[in-house]
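Topology and contacts: notes
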Amino acid sequence: MKFISTRGAADPVTFREAVAIGLAPDGGLYLPQFLPDLSQRLRAWEQLSYADLCAEFLGLFAPDIPEEVLTKLCHRSYGRFTHPEIAPLKRLDERTFVLELFHGPTLAFKDLALQLLGNLYGWECEQRGSSINVLGATSGDTGAAAIHGLLGKPRTAIFILYPDGRVSPLQERQMTCTGAANVYALAIDGSFDDAQRIVKEAFGDHEFATQHRLSAVNSINLARILAQCVYYLYTWLRLPEAARESVEFVVPTGNFGNVFAGWLLARMGVPIIGIKVATNQNDLLHRFFTTGEYRIGTVHPSAAPSMDIQLASNFERLLYYVHDENPTRVRAAMAELRANGSYRVPALERDLFSSTTATDADIAQTIARVSAQHGYTLDPHTACAFQKLDPARTSVVLATAHPAKFPEVVGAATGTVPVHPVLEALKSKPIVKHCLPADVAAVKRFVAEHAVRT
Ligand SMILES: *Cc1c(COP(=O)(O)O)cnc(C)c1O
């Protein structure tokens, strides 16, 4: 099994190489050369624990990592979760389930991928006897989860750019109060898209990226997508037989990484009948799935900040399949998008997809309603997904963050401020951050000065 770039102008690489490189050298994103058919394996996988299922699944893509190593890394990655099932499924009513993805160290779903990625990096450094410097941009949760995936790991440093003042105070504390010497939280004077652009530009300078052994940890890393496939698979295997036939996953969406993983798994032969893309007021993807036009607008900060995105980086992976796995057409699409700020898919096939959008008022109302109806507290991101659930289907709503990460919005909606002991403990620790302008040269200078060398 090799991995190819969506833009077709980079050599195929192994799993280990794809993970270490992150973004392909031609600017594209890595995808498996072919997708395995899982339909015949599902029965045999029903009884596996989360970590064992993860090792089995990844084993199909990573023949270059010994089986026992993969098993060890998966167990280590999910060993830090506070719930024995890692991703427990809660039933709210006959047709509605919530998949809780917030039992990891930073209380958001990104831990499920980034704990694993951190361990893969650590193992890779050990094998090569060399260092990795991770560079990424975050609108909140990715940075915290990435940092906690690499915290204190030898031969690694992590540089995370985030828009200063535009992540929640608790998210900022999760990034800046770690006390770890290999963690650099870079507060950028700009938006999340500025931060993301700077990271892309830094990686675009191949000499710089090679010299400092840079690796990407944002949602473009292939290992994250594959790790995220696992909770869809694990959940599908745990659903009552009748629910399996009508299951729609409903996914709070920003960069399209989470939802793409579910779609990819369906393409591997797991019978999922629907995937709903739930956006906040930054509804670029909702507009795309209703009109076929992908038009980049400006970001409007919302009550669900980790979804405040106007350029969904993983969308390119979907385009690759939309264009029949033809990289020439992906390149043309991306060039058009860059030139015009918009792109229209010639004949949009919605396939499994549907979509919704939610304003901040919808978010508040939904949190209040679900709390009153079910006694269940949603965080603002998860609330975006509770719009127009299809009564004819079994909905599995992905709960992407613990409500205690957003005490103001949730407290105002329900009258009770949610708390979590992990977050309470952060409040007494000092904040360490580095403020930089939204300028690629300044960021490159900082990285050059602090990168780990071997
Ligand atoms: C990152 C994040 C999202 C969006 O996920 P994508 O993979 O970027 O689509 C949604 N909710 C929360 C809480 C997040 O942290």
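Going by the structure above, here's the rest.
Here is a short report on the structure shown in this document. (Residues numbered from 1 in each chain as written. Predicted model: local features only at pLDDT ≥ 70, side-chain atom pairs only at ≥ 80, totals over all residues. Heavy atoms only, no water.)

Section: the pairing of strand β14 (residues 394-399)
If a strand is regular, its side chains alternate between the two faces of the sheet. So the rule is basically this: The classification of residues rests on relative accessible area computed with a 1.4 Å probe and restricted to protein chains. Under 20% of the type maximum is buried, over 50% is exposed, and intermediate values are partly exposed. Each helix is a run of DSSP H or I of at least 4 residues and each strand a run of E of at least 2, with the numbering of both proceeding from the N terminus. Criterion used throughout: strands pair if DSSP finds at least two bridges between them.
With 6 of 6 residues buried, β14 is to be regarded as a mostly interior element. Pairing between strand β4 (residues 96-100) and β14: 5 bridges, direction parallel. Bridge pairing in β14 places V98 opposite V397.

Topic: the layout of surface pockets
Rules: Buriedness for pockets is judged along seven lines, at least five of which must meet protein on both sides within 12 Å for an open set on the 1 Å grid over protein atoms alone, while cavities are sets there where a 1.4 Å probe fits but cannot get out, and lining residues have an atom within 4 Å of a point. Grid points are joined across faces, edges and corners, and a volume is the space filled by probe spheres set on the points. Gly falls in the polar group here, along with every residue not listed as nonpolar (Ala, Val, Leu, Ile, Met, Phe, Trp, Tyr, Cys, Pro) or charged (Asp, Glu, Lys, Arg).
Roughly 1000 Å³ of internal volume is contained in the largest pocket. Residue lining of the largest pocket: 36 residues in total, with L23, G27, K200, F203 and G204 positioned closest to the centre. Looking at the lining of the largest pocket, the elements with two or more residues in it are α1 (15-21), α8 (192-204), α9 (206-211), β8 (214-216) and α15 (327-340). Take the lining of the largest pocket: its biggest share by element is 7 residues, from α8. Taken together, the residues of the lining of the largest pocket break down into 14 nonpolar, 13 polar and 9 charged.

A short note on empty space enclosed by the protein
Over the atoms rolls a probe the size of a water molecule, and in doing so it shows where empty space is left. Following the criterion strictly, the structure yields 4 cavities of 30 Å³ or more and no others. Of the voids in this model, the largest cavity is the one considered here, and its volume is about 280 Å³. Residue lining of the largest cavity: 28 residues in total, with F109, K110, G254, N255 and S306 positioned closest to the centre. Elements with a contribution of two residues or more to the lining of the largest cavity: α6 (141-150), α8, α10 (222-238) and α12 (257-267). Per-class residue counts for the lining of the largest cavity are 10 nonpolar, 15 polar and 3 charged.

Topic: the site of the ligand
For clarity, the cut-off: Proximity criterion: a residue is near a molecule or strand once any of its heavy atoms comes within 4 Å of it. Side-chain atoms alone can form a polar contact between residues adjacent in sequence; in general such a contact is a pair of N or O atoms within 3.5 Å, and within protein one must be able to donate a hydrogen while the other accepts it. For accessible areas, the Shrake-Rupley method is used with a probe of radius 1.4 Å. Any residue's cover is judged against the shown protein chains and nothing else. What decides whether a molecule sits in a cavity or pocket is whether more than half of its atoms lie within 2 Å of the grid points.
Around the ligand lies a shell of 15 residues, among which K110, D141, G254, N255 and T400 are the nearest. The backbone of N258 places a nitrogen or oxygen atom 2.9 Å from an oxygen atom of the ligand. Contact with the protein chains covers 98% of the free accessible surface of the ligand, which is 380 Å². For the ligand, the cavity whose grid points lie within 2 Å of the majority of its atoms is the largest cavity.

Re the packing of helix α5 (residues 110-128) against α6
Inclusion rule: Between N-to-C directions, angles cover 0 to 180 degrees, with each direction set by a line fitted to C-alpha atoms, over the stretch in contact for helices. In this scheme the handedness of a crossing depends on how the near helix is turned from the far one: anticlockwise by less than a right angle means left-handed, clockwise means right-handed. We call two residues in contact when some of their heavy atoms are within 4.5 Å.
Viewed as axis vectors pointing N to C, α5 and α6 meet at an angle of 35°, and their least axial separation amounts to 8 Å. Seen from above, α5 lies across α6 with right-handed handedness. Note on element contacts: α6 touches α5 through D141, T142, A145, A146, H148, G149 and L150, opposite K110, D111, L114, Q115, G118 and Y121. Per-class residue counts for the contact of α5 with α6 are 5 nonpolar, 5 polar and 3 charged.

Section: the nonpolar core
Selection rule: Among buried residues, those of type Ala, Val, Leu, Ile, Met, Phe, Trp, Tyr and Cys that are joined through side-chain atoms within 4.5 Å constitute a nonpolar core.
One finds F15, F57, Y78, Y231, F256 and L265 to be the most contacted residues of the largest nonpolar core, which totals 111 residues. When residues of this core are assigned to their parent elements, the largest contribution, 13 residues, is made by α10. If sequence neighbours within four positions are ignored, F15 has contacts with F3, F61, A62, D64, I65, L120, L222, A223 and L226. Core analysis: the second largest hydrophobic core is formed by 27 residues, A157, F159, F208 and F446 among them.

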